[in-house]
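Given next are the chains, with one letter for each unit.
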Amino acid sequence: MYKVIILPTAKQDIKEAAIWYNKKQKGLGKRFTLQIRKKISLIKQEPFATAVRYDEVKTAVLDVFPYMVHYTIDEPKKLIVISAVLHTSRNPDIWGSKRETSDI
């Protein structure tokens, strides 16, 4: 089975979105984070189930919220690196160099 690493920038994405959803409706941020956990669990089980979106980055869309989990697979290490969790209307080019996974 694959190990999952969530980069600090992706954790920040999740935190910011959860805070935003909680401001809209109490408890909605928790529902959002639960959906993230479910999607990550599915990615862990079937990492190749989604297509490459750009470069070598795969994306998985949440079922309820308009967010995508952006990840890469290091097959030799059996490692999934989650680099971002972004709203589907955002351009992934906004990341810049802070989203690089080469430091792992």
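Residues numbered from 1 in each chain as written. Predicted model: local features only at pLDDT ≥ 70, side-chain atom pairs only at ≥ 80, totals over all residues. Heavy atoms only, no water.

### Here we look at the overall build of the protein chain
Regarding its fold elements, the protein chain presents two helices and five strands. Counting helices and strands in the order they occur from the N terminus, the protein chain gives β-α-α-β-β-β-β. Out of the 104 residues in the protein chain, the part that is buried amounts to 40%. Look at the contacts in the protein chain between residues 6 or more apart in sequence, and 48% of them connect residues 24 or more apart. (Helix = DSSP H or I, 4+ residues; strand = E, 2+ residues; numbered from the N terminus. Buried < 20%, exposed > 50% of the residue type's maximum accessible area, 1.4 Å probe, protein only. Contact = heavy atoms within 4.5 Å.)

### Some thoughts on the nonpolar core
Nonpolar side chains in soluble globular proteins tend to be buried together. Grouped together as the largest cluster of nonpolar side chains are 21 residues, with contacts concentrated most on Phe-32, Ile-36, Tyr-67, Ile-82 and Val-85. At the level of secondary structure, the elements contributing two or more residues to this core comprise α1 (8–24), α2 (28–45), β4 (67–74) and β5 (79–87). Dropping the residues within four chain positions of it, Phe-32 is found in contact with Ile-14, Ala-17, Ala-18, Tyr-21, Leu-62, Phe-65, Tyr-67 and Val-85. (Core = buried A, V, L, I, M, F, W, Y, C linked by side-chain atoms within 4.5 Å.)

### Describing α1
End to end, α1 covers 25 Å across 17 residues, agreeing with the expected 24 Å (1.5 Å per residue, within 8%). Turning to α1, its buried residues number three or more, namely Thr-9, Ala-10, Asp-13, Ile-14, Ala-17, Ala-18 and Tyr-21. The inward-facing, buried residues of α1 contact β1 (3–6), α2, β4 and β5. (Expected span 1.5 Å × (residues − 1).)

### Side note on α2
Taking 1.5 Å of rise per residue, 18 residues should cover 26 Å, and α2 covers 26 Å from first to last C-alpha, within 8% of that figure. Three or more residues of α2 are buried, namely Leu-28, Gly-29, Phe-32, Thr-33, Gln-35, Ile-36, Lys-39, Ile-40 and Ile-43. Buried residues of α2 fall within an arc of 155 degrees about the axis and therefore sit on the same side. Residues Lys-30, Arg-37 and Lys-38 are exposed on α2 and point more than 90 degrees away from its buried face. Tucked into the core, α2 has its buried residues touching β1, α1, β3 (57–61), β4 and β5. (Arc of directions from axis to C-beta.)

### Some words on the confidence of the model for the protein chain
Close inspection of predicted coordinates is inappropriate for parts of the model with low pLDDT. Taken over all residues, the pLDDT of the protein chain has a mean of 89, while the share at 70 or more is 86%. The secondary structure element of the protein chain with the lowest average pLDDT is strand β2 (residues 52–54), at 91, and the one with the highest is β1, at 98. (pLDDT = per-residue confidence, 0-100.)

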